[in-house]
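Coordinates in review
Here's the letter readout for the chains.
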Amino acid sequence: MSRRGRVTIGVLIGVFVLFTLLGWGVQAWTDWLWFSEVDYTAVFRGVLVTRLLLFLAAAAAMAVIVGGNLWLAQRLRPRHRPHSPEQATLERYRMLLGPRLGLWIGAAAAIVGLFAGLSAQSRWNQWLLFLHGGEFGVDDPEFGVDVGFYVFQLPFWRFLLGLGFTAVVLALIGSLAVHYLFGGVRLQGVGDRMSNAARAHLSSLVAVFVLLKAVAYVLDRRSMLLEYNDGVGVYGAGYADINALLPAKEILAYISVVVAIAIIVFSNAWMRNLVWPGISLALLGVSAVAIGGIYPWAVQTFEVKPSARDKEAPYIQRSIEATRASFGLDIAQNSAYAASNLNPPESLATDTSVIPNVRLLDPQLVSETYTQLQQVRGFYDFGPKLDIDRYTIDGKTQDYVVGVREINYGELTAQQSNWINRHTVYTHGYGVVAAPANRVVCGGQPFFVSGSLGERTQESCASPNDLIPANQPRIYYGERMNDGDYAIVGKPNAEGNPAEFDRPAGESGESRESYYTYTGEGGVEIGSFTRRLLYAIKEQEANFLLSEAVNENSKLLYVRNPRDRVEKVAPFLTLDGDPYPAIVDGRVLWIVDGFTTSATYPYAERVNLQSETTDELTGRGTIQLARENVNYIRNSVKATVDAYDGTVTLYEFDENDPVLKAWNKAFGGDLIKPRAEIPQALVEHFRYPADLFKVQRNLLTRFHVTNPGDFYSGQDFWQVPNVPDAPDSGVKQPPYYLYTQFPGQDAPRFQLTSAVTPNGRQNLAALISGSYQDGKPTLQVLELPDQTAISGPVQVHQRMTNTNATIRQQLNLLSSNQAQVQYGNLLSLPFGNGMLYVEPVYVKSNQQDAYPLLQKVLMSYGDGGSYVVLADNVADGIEQLVEQGKQNPNAPPPAAEEPPADGEEPSASPSATPSATPPAPTGDLTAAANQVQAAITEVRAAQASGDFERYGRALKALDEALTAFQQAQQAAGGAAPSADPSPSG
């Protein structure tokens with residue numbers, strides 16, 4: 001290469017390095033300023049220093065090992081090489097590399113070290129946990145080692161082992177190449193094919209590799225407790241692993257040590273050839289296949305598979321216990337709920353704990369309604385999904401649908417989108433709009449109680465005063481703000497007046513606007529020329545230097561999405577995908593749930609967070625989680641972000657989480673505020689995190705079964721139903737927040753609820769709810785009997801909308817070419833030893849800018865099909881259901897009713913049948929009548945399911961129930977019913 005060519009390449013490389021370093025420097029400097037603003041410099045400094053040290057340590061170690069072996073190889077080159085065509089060919093390369101051999105070795109070592117350092121610095125989180133992790137206080141069931149070793153120590157040991165293997169392999173390949181280049185290894189010529197020095201060098205590297213393999217076998221023994229057991233479909237070592245593979249790994253570790261010694265001895269101290277070392281390596285390979293592969297396979301095939309249920313039972317039990325502990329399922333309180341009452345009880349009309357709190361507003365559907373009625377300006381937005389929270393007003397607590405009026409920069413017009421307007425005028429949203437979740441007014445609209453702008457013209461459609469007032473309603477930080485939506489605030493305009501658009505302030509049709517100047521503590525000061533130059537480079541925007549809108553009083557607000565903000569100050573947390581706003585002591589706070597996770601809890605089930613949390617709402621106001629595999633999770637942190645000044649606060653929520661303790665220790669010990677410092681006003685707005693609940697709910701569909709034999713058979717497993725109004729979409733039904741009271745609860749709670757169905761069937765199996773009781777998370781599982789006739793969400797929706805001709809006709813009238821029907825959350829509410837279903841019906845016009853209005857409420861009680869009404873509101877629906885229950889002669893009285901007093905004569909019809917009005921029952925007759933009704937319902941369900949085996953069992957059960965009813969009725973003095981077991985009887 002000519003001198004000019006070398007200079008050109010040097011200049012290009014220098015420019016590339018300069019701009020790369022400049023970009024890194026600007027990013028690091030601006031990150032430091034941002035972390036200083038939020039007062040979390042300990043995180044920035046801790047992560048940066050750790051990554052830098054790991055990079056240097058790994059790069060140096062790899063460079064020394066690889067470069068040292070290359071240097072040693074060329075130092076051990078033979079002085080005299082035999083003449084051969086091979087050596088004549090290699091001489092040209094020796095002449096080219098020889099004068100600058102040290103430079104070439106240094107360059108190769110540097111490149112290898114660079115990649116090793118880049119790999120190591122990404123393991124900063126593993127190193128910090130390795131350094132600061134403690135104990136869990138729980139031992140693994142096989143070795144008796146504390147779980148803390150697997151969570152904190154094992155991942156980094158495995159990384160170091162992998163780094164060691166890489167270093168030895170690269171050193172071996174490089175050394176072999178150098179020895180070949182300089183004649184230490186020959187393919188042609190007389191005499192030995194390898195010099196004594198080359199043989200000693202290369203055999204030593206092979207011996208080190210084998211010793212590392214021995215270490216790998218030792219670690220593999222522990223890692224077996226994390227592997228997947230294909231035979232039974234759970235994680236953790238099974239029978240064949242423990243009884244065959246585990247001792248095999250130990251034997252192979254000893255064999256590896258012996259082989260390493262044999263390689264050194266036979267290659268250098270005794271025979272000084274490669275025959276016996278090669279035989280030793282071959283024996284190691286054969287042993288690995290025979291002892292580590294064939295023997296465990298034989299045990300699995302011939303001993304375990306024929307009796308897997310019994311052989312694997314202890315190991316299934318280990319997986320069940322570990323999974324329930326690692327995912328917090330051990331707090332679940334299982335209780336039986338018979339749901340045997342299919343007749344609407346009269347207490348529905350007088351209830352004060354469940355019925356008054358039935359939620360009608362669907363936060364996904366009414367988002368459009370909020371936007372159209374409370375938007376005020378086209379650039380305001382409430383997002384695709386609102387949030388549910390509860391507030392206490394006038395001594396009454398209930399749930400509210402809450403939305404934040406934010407700036408949507410994507411809705412600015414072309415004129416509004418110039419740099420000045422976008423970043424200095426339209427800087428913030430205004431107000432939190434809330435409406436009771438159980439009330440609609442003015443033709444199906446929400447009844448707004450806070451956050452309205454301008455004059456309220458109809459008091460019947462909104463509260464005349466803010467019932468949930470915010471002292472500082474301005475929203476500078478919100479979910480609608482992306483990375484490029486920074487704001488420059490804190491300065492007046494050229495005339496000295498406020499420059500930031502605040503809100504419309506006109507009265508009686510006037511169009512006057514109100515403007516504002518930010519006075520909060522948040523934001524990075526950019527008044528100096530250096531700061532403006534810095535951010536001009538970062539944002540690639542010259543207006544930071546040229547525009548008069550930036551002056552000595554200016555502040556820059558960026559990273560304005562609450563979830564992104566928490567993720568930046570706490571990169572070790574996995575965050576819930578649905579932050580929600582709350583008004584706490586007059587301030588608007590975003591609440592973000594943070595999880596600590598691990599993927600190395602022994603014997604625990606491993607799940608993918610993205611797939612487990614994806615449902616109908618994912619991507620519609622709920623952020624999709626990353627594809628992270630975990631087998632341990634805790635809701636350890638409740639984080640808040642002030643919507644006005646961006647203050648980020650991390651509160652400890654789980655005081656017993658060892659992982660959070662390790663992270664807090666890694667960053668100085670005071671990164672997380674203790675739980676005792678959480679304000680009570682904030683605690684009242686904590687809610688069970690949706691993503692954690694989805695993971696726990698999905699696991700409970702299997703791990704509610706705690707008997708190993710039943711778990712192996714899988715016959716009692718459940719599944720999460722699909723969206724009721726679109727079951728063929730394959731999208732799971734999301735859980736829903738309710739303020740209600742379930743059986744076994746002493747008062748209404750704000751809880752997250754989901755229905756589950758038996759695996760492969762659609763009837764209801766259980767209701768799972770998550771809530772906080774006395775500040776502690778609780779899970780409640782209301783489990784229905786296996787033979788229950790209660791329908792699941794998909795069946796209920798289909799029966800309510802299709803089976804009743806009158807209701808179907810009314811629904812068809814609601815939908816037309818000018819409108820469409822939309823269904824809200826289908827709520828499953830246990831009540832009166834039965835099941836009440838509520839599904840709001842919205843109608844949305846096809847006209848432009850139309851929004852959904854709640855027009856009707858579908859309600860059902862019992863099995864989902866016997867009692868169905870389409871009412872104007874909940875009160876009318878309850879009244880109709882109760883009236884149907886009084887008039888319907890088919891249903892037996894509720895199981896909870898008291899039997900008639902002794903001596904009272906029951907009335908009976910001579911032609912009494914199961915479909916006729918039953919006599920006033922005795923205790924035995926009541927039970928028999930209940931069995932008949934349950935059997936008829938099961939026959940109908942079996943017929944609808946198309947399961948002929950189930951249909952046959954149901955007919956048999958109905959025949960037995962009718963026989964028992966006949967005997968009980970004859971004993972009571974009544975006539976015998978017809979014994980025709982027709983499902984339509």
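Throughout what follows, the structure given in this document is the object of discussion. (Residues numbered from 1 in each chain as written. Predicted model: local features only at pLDDT ≥ 70, side-chain atom pairs only at ≥ 80, totals over all residues. Heavy atoms only, no water.)

To continue, consider the pattern of salt bridges. For the structure on display, the rule yields 25 salt bridges. With a shortest N-O distance of 3.6 Å, Glu-250 and Arg-221 are connected by a salt bridge. In this pair, Glu-250 sits in helix α8 (residues 239-269) while Arg-221 sits in helix α7 (residues 196-223), placing the two residues 29 residues apart along the sequence. The residue Lys-385 makes a salt bridge to Asp-387 at a minimum N-O spacing of 3.6 Å. Of the two residues, Lys-385 and Asp-387, neither departs from the other in class, the shared state being buried. A single salt-bridge network, built from bridges that share partners, covers Lys-385, Asp-387, Asp-578 and Arg-687. (Salt bridge = Lys/Arg side-chain N within 4 Å of Asp/Glu carboxyl O. Helix = DSSP H or I, 4+ residues; strand = E, 2+ residues; numbered from the N terminus. Buried < 20%, exposed > 50% of the residue type's maximum accessible area, 1.4 Å probe, protein only.)

Quick look at the pairing of strand β14 (residues 500-504) now. The element β14 is largely enclosed, with a buried count of 4 among its 5 residues. Note: β14 against strand β15 (residues 513-516), 4 bridges, orientation antiparallel. Pairing of Arg-503 across the sheet is with Ser-514, part of β15. (Pairing = 2+ DSSP bridges.)

This part covers the nonpolar core. Ranked by size, the top nonpolar core spans 194 residues in total, and within it Leu-650, Phe-667 and Leu-836 carry the most contacts. With 14 residues, helix α6 (residues 147-181) is the largest single contributor of residues to this core. Among all residues touching Leu-650, those that are not within four sequence positions of it are Tyr-40, Val-566, Ala-570, Val-637, Lys-638, Ala-639, Leu-671, Ile-672 and Lys-673. Formed by 23 residues, the second largest nonpolar core is a distinct cluster that contains Tyr-337, Met-800, Ile-807 and Met-835. (Core = buried A, V, L, I, M, F, W, Y, C linked by side-chain atoms within 4.5 Å. Contact = heavy atoms within 4.5 Å.)

Attention shifts here to the sheet that holds strand β16 (residues 524-525). Taken in spatial order, the 3 strands make up an open sheet running β13-β17-β16, and their pairing is antiparallel. A single partner strand is all that each edge strand has here, and the edge strands are β13 (487-489) and β16. Looking at chain direction, β16 and strand β17 (residues 555-557) are connected through 2 bridges and run antiparallel. Within the sheet, the bridge partner assigned to Glu-525 lies in β17 and is Lys-555.

Glancing now at the side chain of Ser-598. Looking at the secondary structure, you find Ser-598 in strand β20 (residues 587-598). Assessed through its relative accessible area of 9%, Ser-598 is described here as buried. Non-local contacts of Ser-598, meaning those with residues more than four positions away in its chain, are made with Val-151, Val-630, Asn-631 and Tyr-632.

Here the focus is the environment of Asp-387. Examined against the element boundaries, Asp-387 turns out to sit in strand β5 (residues 387-393). Between the C-alpha atom of Asp-387 and that of Asp-578, which follows or precedes it by 191 residues, the distance is 8.6 Å. Apart from residues lying up to four places away in sequence, Asp-387 is in contact with Pro-363, Tyr-400, Val-401, Val-402, Glu-479, Asp-578, Pro-579, Tyr-580, Pro-581 and Arg-687.

All told, the structure shown has 1 disulfide when counted by the stated rule. What pairs with Cys-442 in a disulfide is Cys-461, and their sulfur atoms sit 1.7 Å apart. Classification of the bridge connecting Cys-442 and Cys-461 rests on its S-S torsion, roughly -105°, and on that basis the disulfide is left-handed. Placement of Cys-442 in the loop between β10 (440-441) and β11 (445-446) and of Cys-461 in the loop between β11 and β12 (474-475) is noted, with a sequence separation of 19 residues between them. Since its relative accessible area comes to 31%, Cys-442 is described here as partly exposed. The exposure class assigned to Cys-461 is buried, which follows from its relative accessible area of 10%. (Disulfide = S-S within 2.5 Å.)

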